[in-house]
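A closer look at the structure
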Amino acid sequence: MDEITEQIGAETTEVVPFETEETEEDVRRRRSTAFLALAQAAYSKSTTFVDNNYRRQWENNLRHFQSRHHGGSKYYKSSYLYRSKVFRPKTRSAIRNQEAAAVAAFFSNQDVVAIDPQNDNDPMQRASAEILKALVQYRLTKTIPWFLLCIGAYQDAMVSGVVVSYQEWKYREKVGVDGEVEIIEDKPVIRLLPVENLRIDPAAEWTDPINTSPYLIELIPMYVIDVMERMETSDPKTGQPKWKKLDKAVLTAATKQRFDTTRLTREHPRTDSKDAGGSTGAGGLYDVVWVHRNIIRYRSEDFIFYTLGTEHMLSDPMPLRDVYWTDMRPYVMGVCVIESHKVYSSGLAQLGEGVQKELNENANSRLDNVKLVLNKRYLVKRGSQVDLKSITRNAAGSVTMVNDIEKDVKPFDFDDVTASAFQEQDRMNVDFDEVVGNFSTSTIQTNRKLNETVGGMAMLRGNINTLTEYGLRTFSETWVEPVMRQLVKMEQKYEGDDKILIIAAEKAQLFQKYGINVITDQLLDQEITTTVTVGMGATDPLMKMQHFVAGLDIIIKTLATTPPGSLDVMEVAKEVFGFLGFKDGTRFFAKETGIDPEKQQMGQMIEQMKAVIQKLQGQIDNKALDADTKLKLAKIKEMGQDRRTSAQIQSGFAQKVLDLKNPVAGEKIPKGKAAANG
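Predicted model only: the values in this text are computed from it and were never measured.

Take the pairing of strand E1 (residues 113–117) next. For E1, the buried fraction is high: 5 of the 5 residues fall into the buried class. Neither face of E1 is left uncovered, since the one carrying Val113, Ile115 and Pro117 and the one carrying Ala114 and Asp116 both have all their residues buried. In this structure, E1 lies alongside strand E13 (residues 528–532), joined through 5 bridges in antiparallel fashion. The residue of E13 that forms the bridge with Val113 is Val532.

Written out as structure tokens, the structure is:
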């Protein structure tokens with residue numbers, strides 16, 4: 001740290017006479033001054049870059065998401081005061097459709113994540129994966145509002161272009177009167193950041209801007225009372241230090257900072273929620289001040305410290321690894337659209353911005369024309385005595401006073417809207433849907449030849465679903481999975497709630513499967529692999545079911561026709577389900593403990609083959625039974641037919657005998673017939 005003090009911002013440090021010996025407090029103060037100068041320079045550079053290049057675009061994206069015209073639009077000018085100013089909400093509709101697809105992809109299954117051991121042969125790693133999966137599942141469903149966070153993050157990525165989140169373990173305790181410590185909070189926290197509250201270097205690597213930027217600054221709105229609490233207490237669990245005590249006057253002055261136009265646009269039409277606008281009473285304890293969390297890199301090591309704005313140090317710089325044991329920056333930045341070599345990617349709102357403007361122009365021009373057709377303009381002779389108010393009201397049954405009916409007033413006729421205006425709207429709807437990956441009724445109506453057949457509808461839906469799933473997969477790879485990995489690492493390090501550990505152990509069946517009845521740090525701290533169970537085809541429930549059934553059918557048929565021991569079941573399952581869009585197909589196969597992998601696979605194949613053989617044997621038996629039954633039925637039918645034929649012959653013979661014995665009166669019986677019957 002002494003080298004850092006000497007080399008960082010030498011011009012900003014105070015000059016100390018050579019003969020004066022510095023105390024430890026003097027060295028600490030010089031270090032803080034040097035790091036504060038670095039933080040100020042980093043904040044100034046990054047803020048200028050954001051203001052000049054991205055802020056206007058973010059605000060326009062937010063306006064379109066809110067179905068408002070972009071900043072500086074002609075519709076806000078006085079010349080358009082009485083013109084149509086409709087905004088067609090195509091952007092909001094597309095983003096809502098994408099959010100619905102995200103719900104179907106991420107929340108159609110109760111298991112949010114799949115956690116697997118890196119070494120399947122190690123029972124300890126398998127047990128660790130089971131308990132960690134149960135812990136993460138419990139946290140995401142009980143203590144973390146994962147549904148809101150996930151869909152909100154996807155919305156941020158689509159509107160602003162990027163989503164940023166901060167992951168930490170929140171721990172608070174209180175010492176009672178009797179000296180007993182009461183734990184108030186002890187849980188992981190995932191917090192979404194508005195994009196304007198993060199500062200990184202514009203030259204950071206686009207594939208990983210969070211970790212490649214030489215600095216990272218988060219702007220945190222905090223209540224004065226919370227800042228004062230941090231000045232009194234530290235965090236014994238995570239290593240967060242106490243903050244330096246500042247005068248109340250300094251805190252009061254800090255409440256008048258940080259007016260932000262992007263935040264004001266997002267919170268339209270209400271006023272800025274973070275702008276105090278004067279004291280809220282209670283001695284200003286509930287006023288908002290802005291605290292900066294600064295992570296500054298020097299000589300390949302990150303240091304973290306807090307400042308009040310950019311003027312006052314709240315804590316001394318500390319190595320990041322002393323506060324966050326993983327030595328990783330606790331931030332994740334994700335996207336839903338990949339744009340190479342750009343730190344901030346474009347969102348769906350920006351991709352469809354041009355077409356959205358043209359759609360609004362088309363709709364408003366058409367509406368203006370329709371209004372003029374229905375409610376004409378009039379030419380009035382200048383200086384004539386004409387009741388202008390009556391003309392402008394144009395009410396049914398009204399009377400307009402004029403001097404000369406023929407010359408004083410003349411209606412100005414307009415042609416009605418032609419079909420081309422509506423055709424242009426349909427084409428622009430399709431253009432918008434194509435660029436943002438939206439499947440809507442306008443897409444169906446425009447493509448008449450395709451929507452008249454079931455196959456054509458499937459083609460339309462399939463193309464759009466591919467774009468939707470591409471965005472979801474990108475979002476999952478860049479944000480969801482990194483966040484889950486950090487959450488797992490926090491669970492490995494900080495989880496200590498006995499009740500939650502017991503619940504997770506029961507759910508994971510540790511004792512039944514592995515004979516483990518005590519959860520230790522060694523058990524939790526194992527090498528595992530974390531993935532999110534979402535893949536291509538995840539947005540269509542029917543397609544997911546069809547793919548799943550098809551995958552199982554292929555595997556069963558393959559096992560039934562392949563000699564035992566010649567196939568690796570897990571690898572086959574991984575490939576088959578991978579082709580069908582599932583990211584990890586091995587999770588569908590049970591992994592028993594204490595069994596050699598080769599024997600396990602052999603046993604699985606034998607059991608599966610037995611089931612297949614039984615099924616086939618049942619089909620054969622059913623076919624044989626059907627053939628025997630058909631033969632018996634045919635014989636019975638044949639016998640019945642013979643009996644019916646014999647009975648008919650006998651009945652006919654008896655009737656003839658009766659006719660001969662009792663002839664009808666006056667009827668003569670031919671001799672030939674009598675002789676024949678004779």
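Attention now moves to a negative patch on the surface. Taken together, the side chains of Glu358, Glu424, Asp431 and Glu434 define an acidic patch exposed on the protein surface. Looking at which element gives the most residues to the negative patch, the answer is helix H15 (residues 419–436), with 3 residues. Its place among the elements puts Glu358 in helix H13 (residues 353–374).

With that settled, the discussion passes to the packing of H13 against H15. H15 packs onto H13 with a crossing angle of 160° between their chain directions and a minimal axis gap of 10 Å. Judged by the angle between their axes, H13 and H15 are roughly antiparallel. At the point where H13 passes H15, the crossing takes the left-handed sense. Across from Val355, Gln356, Glu358, Leu359, Asn362 and Arg366 in H13, the residues of H15 making contact are Ala421, Phe422, Glu424, Gln425, Met428, Asn429, Asp431 and Phe432. A breakdown of the residues in the contact of H13 with H15 according to their chemical character gives 6 nonpolar, 4 polar and 4 charged.

Attention now moves to the packing of aromatic side chains. Scanning all chains against the criterion turns up 16 aromatic pairs. Between the aromatic rings of Phe106 and Phe475, the centroid separation amounts to 6.1 Å while the plane-to-plane angle is 80°, which identifies the pairing as edge-to-face. One end of the pair, Phe106, is in helix H4 (residues 90–106); the other, Phe475, is in helix H18 (residues 454–494), with 369 residues separating them in the sequence. The two residues Phe106 and Phe475 agree in class, both being buried. With a centroid separation of 5.8 Å and an interplanar angle of 40°, the aromatic rings of Trp169 and Tyr494 are classed as tilted. Taken together, the residues span a long stretch of sequence, with Trp169 in strand E2 (residues 163–175) and Tyr494 in helix H18 at a distance of 325 residues.

So, how was this worked out
- Throughout this description, residue numbers start from 1 for each chain and increase along the sequence as written.
- Restriction of local features to residues with pLDDT of at least 70 applies here, the model being predicted, together with a cutoff of 80 or more for giving and counting side-chain atom pairs; totals for whole chains, interfaces and linings are based on all residues.
- With hydrogens and water set aside, each side-chain value is computed from the structure's full complement of heavy atoms.
- Exposure classes here rest on a 1.4 Å probe applied to the protein chains alone. A residue is buried below 20% of its type maximum, exposed above 50%, and partly exposed in between.
- Secondary structure elements are defined from DSSP: runs of H or I of at least 4 residues count as helices, runs of E of at least 2 residues count as strands, and each element is numbered from the N terminus.
- A strand pair is defined by DSSP finding two or more bridges across the two strands.
- Patch membership needs two things, relative accessible area over 30% and no salt bridge, and members are linked within 9 Å if like-charged or within 5 Å if nonpolar (Val, Leu, Ile, Met, Phe, Trp, Tyr).
- Per-residue accessibility takes into account occlusion by the displayed protein chains alone, with areas from the Shrake-Rupley method and a 1.4 Å probe.
- One speaks of a salt bridge when a side-chain nitrogen belonging to Lys or Arg is within 4 Å of a carboxyl oxygen belonging to Asp or Glu.
- Only four residue types enter the charge count: Lys and Arg as positive, Asp and Glu as negative, with His and the chain ends excluded.
- For charged residues, the charge sits on one atom: NZ in Lys, CZ in Arg, CG in Asp, CD in Glu.
- Simply put, an axis is a line fit to the C-alpha atoms, just over the touching stretch for a helix, and the angle between two N-to-C directions goes from 0 to 180 degrees.
- Reported orientations rely on four angle classes, namely roughly parallel under 35 degrees, roughly antiparallel over 145, roughly perpendicular from 65 to 115, and oblique for the rest.
- In this scheme the crossing of two helices becomes right-handed for a clockwise turn of the near helix relative to the far one and left-handed for an anticlockwise turn of less than a right angle.
- Contacts are assigned to residue pairs that have any heavy atoms within 4.5 Å of one another.
- Note that Gly is not counted as nonpolar here; it falls among the polar residues with everything else outside the nonpolar set of Ala, Val, Leu, Ile, Met, Phe, Trp, Tyr, Cys and Pro and the charged set of Asp, Glu, Lys and Arg.
- Centres within 6.5 Å are what make two rings of Phe, Tyr or Trp a pair, Trp counting through its six-membered ring; a difference in plane orientation under 30 degrees is then read as stacked, over 60 as edge-to-face, and the rest as tilted.

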